[in-house]
Amino acid sequence: MMTYDQIYDVIVVGAGHAGCEAALAAARMGCRTMLLTINLDAIALMSCNPSIGGLAKGHLVKEIDALGGEMAKNIDATGIQFRILNMKKGPAVRASRAQADKQLYRLRMKKVLEGQENLDLKQGEVTELYLENGELRGVELKSGIRFLSKTVVVTTGTFMRGLIHIGLNNYPGGRAGDQPSIGLSDQLRTLGFNVGRLKTGTPARLDARSIDFSKLETQYGDDPPQPFSFSSDRISMPQIPCHIAYTNQRSHDIIRSGLDRSPLYSGIIEGIGPRYCPSIEDKVVRFPEKDRHQTFIEPEGLDTIEVYPSGMSTSLPIDIQIAFYRSIVGLERVEIMRPAYAIEYDYVDPIQLHNSLETKLIKNLYHAGQINGTSGYEEAAGQGLVAGINAALRVKGRDPLVLQRSEAYIGVMIDDLVTLGTKEPYRMFTSRAEYRLLLREDNADLRLRDMGYQLGLVTESEYAIFTDKRRMITEELDRIATTRLVHSPHQLDVLASRGLADIQKGTTLEHLLKRPDITYSDLAELDTVSRETPAVICEQVEIQTKYKGYIDRQLEQVEQAKKMETTRIPENIDYASVKSLTTEVREKLSKNRPDSLGQASRIPGVTPAAISILAIALKSVSWKGTEE
């Protein structure tokens, strides 16, 4: 085994969406970093739907951007259809989504990585972690080379013992066209990690020339398209539509006819699939009362004929796939260019991680992405960013970044994973956040930009733009709180036209804006200064004014919970010696090893009474030595 002569600060294993963010973060923070991947041509490849964002996932992307990550900028530069979802609902659940040009997305991210100072890219398969006397020292490759480093971030995606299924046929693969990673998960299991098995899938890729789009419903993106990144001024890529199609009873009959050859229903697939993104055969079996299921026929790029039927993933045999897809109106003559498949892979129970994403069993080892049981590019990227940041902070001898549940969806996701673990692919939803009115897409920069700047991930110019924006919001909130209606002839005419003739003279603009039937655009008709206020400032002022009561209430709840969240639990605490805890609670706490009292309170079965007992026990001097 040859040992390479360069000693790295951070080695990132895997160059998917988690790996890219981890490597960029560590390198941008000044650490000598290496990104290792099985295939350098597949960096940031969108193996499933080439899209970014969606419900709750859009929140994650905005947070990644606010902290200084790359995903939002990458989709802004390569997106070919942008839409804001849930526009008719409240601001807490609005979400951005964009369809990407699949190849351009990959190529741009690769170019960013190649141009990043402090970052080396190398191709190779990691088969083992290199440890000396139980301490992590680097990684070993299948090719016989050992790379040394101070920290390692593992972001293996679906590659660990990946197995692809099409009907009753299966073969090893990290994804279609790539070899799996063999050996690493076996070593992790030997080291004491709980290694499980999960499953995900992807639809076929179809030839657009064989689809009659005149029979389908056209869906256009927003005009103008709204960027993801707080640093993007506009979208310059050409924008193209998607199309909507539906399955029918004949489609469902064809699917049922192939269930005896489905690896999902014949017991061949052992891994648990995503509950909230099931395969089409799973939908048909679980919801027999539904006479149709919707699919969006989405382009894979500007310069390709391949299209992607979202929501139509399957592992059925190829003959059933052909018949099923052709049963859909408009797809009667469709040609499959790449068959749909399911993939099984190993993951490591995230309950064995700290909130920093460092493993509890091996110091300086971090896990991010699908190895932690999550699904989705956005969930992976958020974890990768945090893991890369914390690996760099460890090298620098600084405390880790731990995002609280009240600060970010990324914090909610990581806390869910490390506190509860997961037995199925984890997906982010707005309903998972108890403070979701505080964690909106629109205010991600107000929540997290300072943090990104302090970490060195947000540039001076980006931060200057942000501070100007924040100042303008504060000034405008102050202004409308003190500006009053004077009942000029023009103001009286405007109020009368909106049925508001009873509004009294002297009413503040703030009071007026709190009314559900008044928007900031109405203020612009009443007030000259409001007319000149930039749209992004108007949006923030309107939301913060209309929802102030609810926002203040959630802020009070955050303050009440803060004491528990910041009360640390020493790593060496002996729960068996804590008197008055039940045996069940002791077992749960010993298994989970929570980092804080707040985290302990969210473990199922740990009662409020048990938390009170634990809080009293933490005042004991017996465990303080290791914390100081």
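Residues numbered from 1 in each chain as written. Predicted model: local features only at pLDDT ≥ 70, side-chain atom pairs only at ≥ 80, totals over all residues. Heavy atoms only, no water.

**Description of the nonpolar core**
Membership of the largest hydrophobic core comes to 79 residues, with the highest contact counts inside it found for Ile52, Tyr105, Ile389, Leu403 and Ile410. For this core, the leading source of residues is helix H9 (residues 377-395), giving 10 residues. Leaving out residues up to four positions away in the same chain, Ile389 has contacts with Ala25, Met29, Leu401, Leu455 and Leu457. Tyr8, Ile145, Ile362 and Ile371 belong to the second largest nonpolar core, which has 23 residues in total. (Core = buried A, V, L, I, M, F, W, Y, C linked by side-chain atoms within 4.5 Å. Buried < 20%, exposed > 50% of the residue type's maximum accessible area, 1.4 Å probe, protein only. Helix = DSSP H or I, 4+ residues; strand = E, 2+ residues; numbered from the N terminus. Contact = heavy atoms within 4.5 Å.)

**Thoughts on the pairing of strand E8 (residues 135-141)**
The buried fraction of E8 amounts to five of the seven residues, a majority that puts the element mostly inside the structure. With six bridges connecting them, strand E7 (residues 126-132) and E8 associate as antiparallel partners. Counted as the bridge partner of Glu128 is Glu140 from E8. Counting the residues that bridge the hairpin from E7 to E8 gives two residues, and of these Asn133 lies at a positive phi of roughly 55°. Sheet analysis places E8 next to strand E9 (residues 145-154), joined by three bridges and oriented antiparallel. Within the sheet, the bridge partner assigned to Gly138 lies in E9 and is Leu148. (Pairing = 2+ DSSP bridges.)

**Thoughts on unusual backbone geometry**
Cis geometry is found at the peptide bond from Asp223 to Pro224, where omega equals 5°. One can find Pro224 in the loop between strand E14 (217-219) and strand E15 (242-246). We note that Ala44 has phi near 55°; this positive angle belongs to a residue other than glycine. Considering the arrangement of structural elements, one finds Ala44 in the loop between strand E2 (33-37) and strand E3 (51-53). If you check the backbone angles, Arg161 has positive phi at about 50° while not being a glycine. Considering the arrangement of structural elements, one finds Arg161 in the loop between E9 and strand E10 (163-166). The exposure class of Arg161 is partly exposed, given its relative accessible area of 32%.

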